[in-house]
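# Close look at the chain arrangement
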Amino acid sequence: MASAVIARAAEQAPIRYTLSFAEAAAHYVDVEAEIPTKGKTELVIFMPVWTPGSYFIREYARNIVALAASRPDGQTLGAEKITKNRWQIATGGAPSVRVKYRVYAREINVRGNWVESDHALLNGAPTFISVVDDYQRPYVVRVILPERWKGTYTPLLSGNEPHTYSAPDFDTLVDSPILAGSPLVDSFEVDGVPHYVVTLGGEDAWDNPRVTKEFKKVVEAQRAFWGQPLPLQSPYYVFNILAGSRGGLEHRNSTVLAADRWLSRTQDGVTSWLSLASHEYFHVWNGKRLRPVEYGPFDYEKETYSKSLWAVEGLTSYYQHVFLARAGFYTREQYLGAISGSIAGAQKTPGRFVQSLGDASFDAWVKAYRPDENSVNALFSYYGGGSIAGLLFDAEIQRATDGKRSLADVMRAAYARYSGEHGYTEAEFLALTNEITGQDFSAWFTRVLHTPGNFDYQPMLDWYGLEFEKLAEPKTETDGKKTEPRDPPKGWLGADTANREGRLIVTNVRAGTPAAAAGLSVDDEILAVEDYRVRPDDFVRRLTLYPAGATVKLLVARQDRLLTLPAELKEEPKETWKLKVRADASKLQKSRLDSLLGIKS
């Protein structure tokens, strides 16, 4: 936000909210907002339709059960709903109006509201209304706790009264979750900044002190990467919601994570949790302070398009694993295993030939959060695909500069230059890369970020002395004599299926597979193979009885119509995308990878 806007906002009287939970067991939060009118005879108020970090129109106003307005003396005022998320209030000349509304809050995820009898997690966008065209102003929030709830936790500024907090502007209000209840809380400090891990749903299953201690190592590794004190002027909160799902949403001074309550029982589980936390914490820099120019200030009532989500999320996904190695949670082999999984996921996604990373970024609003059965054929993830681009980008910078520069140098320079009010355009990010490296990366950006197709892994492999592991050939020698395989390669169809109440249903058909060539479709019910009835639990074995190259007849039911589809089976692809250090890798090549991972050779 521009400094002038901040200054004007600070001069205004605040909007004051009171949050209460009279019917928490029914998942309600009651909100009362006291809004100064500035002498206006009419006010138009709104609720955001999306939340930063989650690029999808979520229509939060749908959860408002009732909304009413009154004068300070209680006299009822008219409040007419005029759009899906706006209301018009006739103030009657009152100096302020009180708006009361109830929000249904049972979205157990990182971006919604979740209220139960013993706790509440409230995100800003689905909770707070404000004034159209006048929302950049101060805010005060007071939380009235039910008797058995012990405390409130939020990165908002603490007020003079208990459970009362303030925000200088709407962006801060929306970007500051509030957790209330009796959670597990542990903390540490880095650079004098307190960090709190606040956990709901852990009870006796979750070792909060253990994960807090380990998370500190990740924070320290990221702080060392940037080479300067943390850019946090207030405590940082990890709101850790243990409801079984997995996800995260970044905020400027906090994050909300969703994870499984059993992860802290093993080191592998802790590392899995730390991978998620590492990703979200890197957003403290990349995404919240260093950002594409489109991502702030926001219009909370419409989409904000950018082709640079690959940089916000993809580069963050790349570095989240690097920091786990630097913090001591990954060996070299474990790191290569994590990256191999990302590469395998990309290579098995036909959508990479259709959608570039830039287009995937731009289309996030209408495609990324609405996956369907054809998404694998039409979409490419700016998370997974972007993380691979980060790996290749880093290696290419090092290769082009003979190891004198890396992606870290570009990120630090970008932070120094663009982490203020302005943000960066992709052209500026490219120009900075060229400046730091002394090379022209224009063709690389076009090829890797804006052209659908395969990635070229070879330069990265050669730089680090890596290769993709080859599958072992089947043994063909018996008693020293070479023999031919007894059976030809088994046939492969390439469709995913599920047993749905005893029916064999096609759930996914990837482009380029025999299933796609045969015309098999999602939701087809496969009844028979070669005129013989097939049961759901026998389908995979049945196909293996036919050799690659054989054409088999599939009897399917599609919308109650029987069809016979000839399918020419192929041999299942045997590519492996598992990275390993080459046997002939030089000491220099190995040292490059060890340097990236902070491993002492």
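Structure report, in brief. No experiment lies behind these values; they were computed from the predicted model shown.

## Description of the pattern of salt bridges
According to the stated counting rule, one finds 30 salt bridges in the structure shown. Measuring nitrogen to oxygen at the nearest pair gives 3.7 Å for the salt bridge that ties Arg332 to Glu333. Overall, Glu333 belongs to the exposed group, its relative accessible area being 52%. Across the pair Lys553 and Asp531 runs a salt bridge, and its minimum N-O distance is 3.1 Å. Here Lys553, found in strand β30 (residues 551-558), pairs with Asp531, found in the loop between β28 (525-529) and β29 (532-533); they are 22 residues apart in sequence, far enough to count as distant. Residue classification places Lys553 among the partly exposed residues on the basis of a relative accessible area of 34%. Through salt bridges with shared partners, one network takes in Glu23, Asp30 and Arg102.

## Section: helix α5 (residues 309-326)
Spanning 18 residues, α5 covers 25 Å between terminal C-alpha atoms, matching the ideal 26 Å at 1.5 Å per step. Of all 18 residues in α5, 17 are buried, a share of seventy percent or more. At the C-terminal side of α5, Gly328 shows a positive phi close to 95 degrees.

## Overview of helix α4 (residues 267-282)
Under the 1.5 Å per step criterion, the end-to-end length of α4 is 22 Å for 16 residues, consistent within 8% with the ideal 22 Å. Taken across its 16 residues, α4 has 13 buried, putting it largely inside the fold.

## A look at the packing of α5 against helix α6 (residues 332-347)
For the pair α5 and α6, interaxial distance at closest approach is 9 Å and the crossing angle is 160 degrees. Considering the angle they form, α5 stands roughly antiparallel to α6. Along this stretch, α5 crosses α6, giving a crossing that reads as right-handed. Within the contact between the two elements, α5 uses Tyr318, His321 and Val322 and α6 uses Tyr335, Ala338 and Ile339. Of the residues that constitute the contact of α5 with α6, the class distribution is five nonpolar, one polar and no charged.

## Some remarks on the side chain of His251
Here His251 is to be found in the loop between β20 (247-250) and β21 (254-258). According to the relative accessible area criterion, His251 is buried, its value standing at 1%. Among the polar contacts listed, one links the side chain of His251 to the side chain of Asp175, at a separation of 2.9 Å.

## A few points about the sheet that holds strand β13 (residues 151-153)
Pairing is antiparallel across the open sheet formed by four strands, whose spatial order is β9-β10-β16-β13. A single partner strand is all that each edge strand has here, and the edge strands are β9 (114-116) and β13. For this sheet the average axis-to-axis angle between neighbouring strands, irrespective of direction, equals 10 degrees. Pairing of β13 with strand β16 (residues 178-181) involves three bridges; the strand directions are antiparallel.

## Quick look at the pairing of β16
Here β16 shows two buried faces, one formed by Ile178 and Ala180 and the other by Leu179 and Gly181. As defined by bridge partners, strand β10 (residues 119-122) adjoins β16 across four bridges and the pair is classed as antiparallel. The partner of Leu121 across the bridge, within β16, is Leu179.

## Observations concerning the sheet that holds strand β11 (residues 130-131)
On the basis of which strands lie adjacent, the open sheet formed by four strands has the order β6-β7-β3-β11 and antiparallel pairing. Unpaired on one side and paired on the other, β6 (79-83) and β11 mark the two borders of the sheet. The pairing of β6 with strand β7 (residues 86-90) spans four bridges and is antiparallel. By the bridge assignment for β7, Glu80 is matched with Gln88.

About the thresholds
Residues numbered from 1 in each chain as written. Predicted model: local features only at pLDDT ≥ 70, side-chain atom pairs only at ≥ 80, totals over all residues. Heavy atoms only, no water. Salt bridge = Lys/Arg side-chain N within 4 Å of Asp/Glu carboxyl O. Buried < 20%, exposed > 50% of the residue type's maximum accessible area, 1.4 Å probe, protein only. Helix = DSSP H or I, 4+ residues; strand = E, 2+ residues; numbered from the N terminus. Expected span 1.5 Å × (residues − 1). Axes fitted to C-alpha atoms, helices over the stretch in contact; angles between N-to-C directions. Parallel < 35°, antiparallel > 145°, perpendicular 65-115°, else oblique. Left-handed = near helix turned anticlockwise from the far one by under 90°. Contact = heavy atoms within 4.5 Å. Nonpolar A, V, L, I, M, F, W, Y, C, P; charged D, E, K, R; others polar. Polar contact = N/O pair within 3.5 Å; in protein donor to acceptor, adjacent residues only side chain to side chain. Pairing = 2+ DSSP bridges.

Everything listed is a geometric property; what it means functionally is a separate question.
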